[in-house]
Amino acid sequence: MLWGTFSWVALGPVVVVEQTMKAANYLNIIADQLHPYMAFVFPTRNGISQQGNAPCLKARIVLEWFQEHTDEFHLMSCLPKSPDLNPRGSI
């Protein structure tokens, strides 16, 4: 599986995830990859990150991390079964 980030401004890192994505794995990725990307691409701290509804994305430790960084960028949550900004589009 691949994890990646992108915006209208720039492409971000792509991370190969070789194991099942668990909350701790996801937390490491957002801390090591998403956080520096958002700081670089959105230095005025007006960026928005979107994530889906997978259980590892909604874990308490992950949501707490995003809460700790709300002054740096915002988190846009998805409603269940809502369309998202997935680059694959609808099939």
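The coordinates are above.
The rules behind the values
Residues numbered from 1 in each chain as written. Predicted model: local features only at pLDDT ≥ 70, side-chain atom pairs only at ≥ 80, totals over all residues. Heavy atoms only, no water. Helix = DSSP H or I, 4+ residues; strand = E, 2+ residues; numbered from the N terminus. Buried < 20%, exposed > 50% of the residue type's maximum accessible area, 1.4 Å probe, protein only. Areas by Shrake-Rupley, 256 points an atom, 1.4 Å probe, with all protein chains shown as cover. Salt bridge = Lys/Arg side-chain N within 4 Å of Asp/Glu carboxyl O.

With that settled, consider the overall build of the protein chain. A count of helices and strands for the protein chain gives 2 helices and 4 strands. Of the regular secondary structure in the protein chain, the N- to C-terminal order runs β-β-α-β-α-β. By residue count, 30% of the 91 residues in the protein chain fall in the buried class. Of the roughly 6,500 Å² that the protein chain leaves accessible, carbon and sulfur atoms contribute 59%.

Moving on to the pattern of salt bridges. All told, the structure shown has 2 salt bridges when counted by the stated rule. In this structure, Asp71 and Arg45 form a salt bridge, with 3.6 Å as the shortest nitrogen-oxygen distance. Separated by 26 residues along the polypeptide, Asp71 in the loop between α2 (60–68) and β4 (73–76) and Arg45 in the loop between α1 (23–41) and β3 (47–50) bring together distant segments of the chain. Notably, a salt bridge pairs Arg60 with Glu64, separated by 3.9 Å at the nearest N-O pair.

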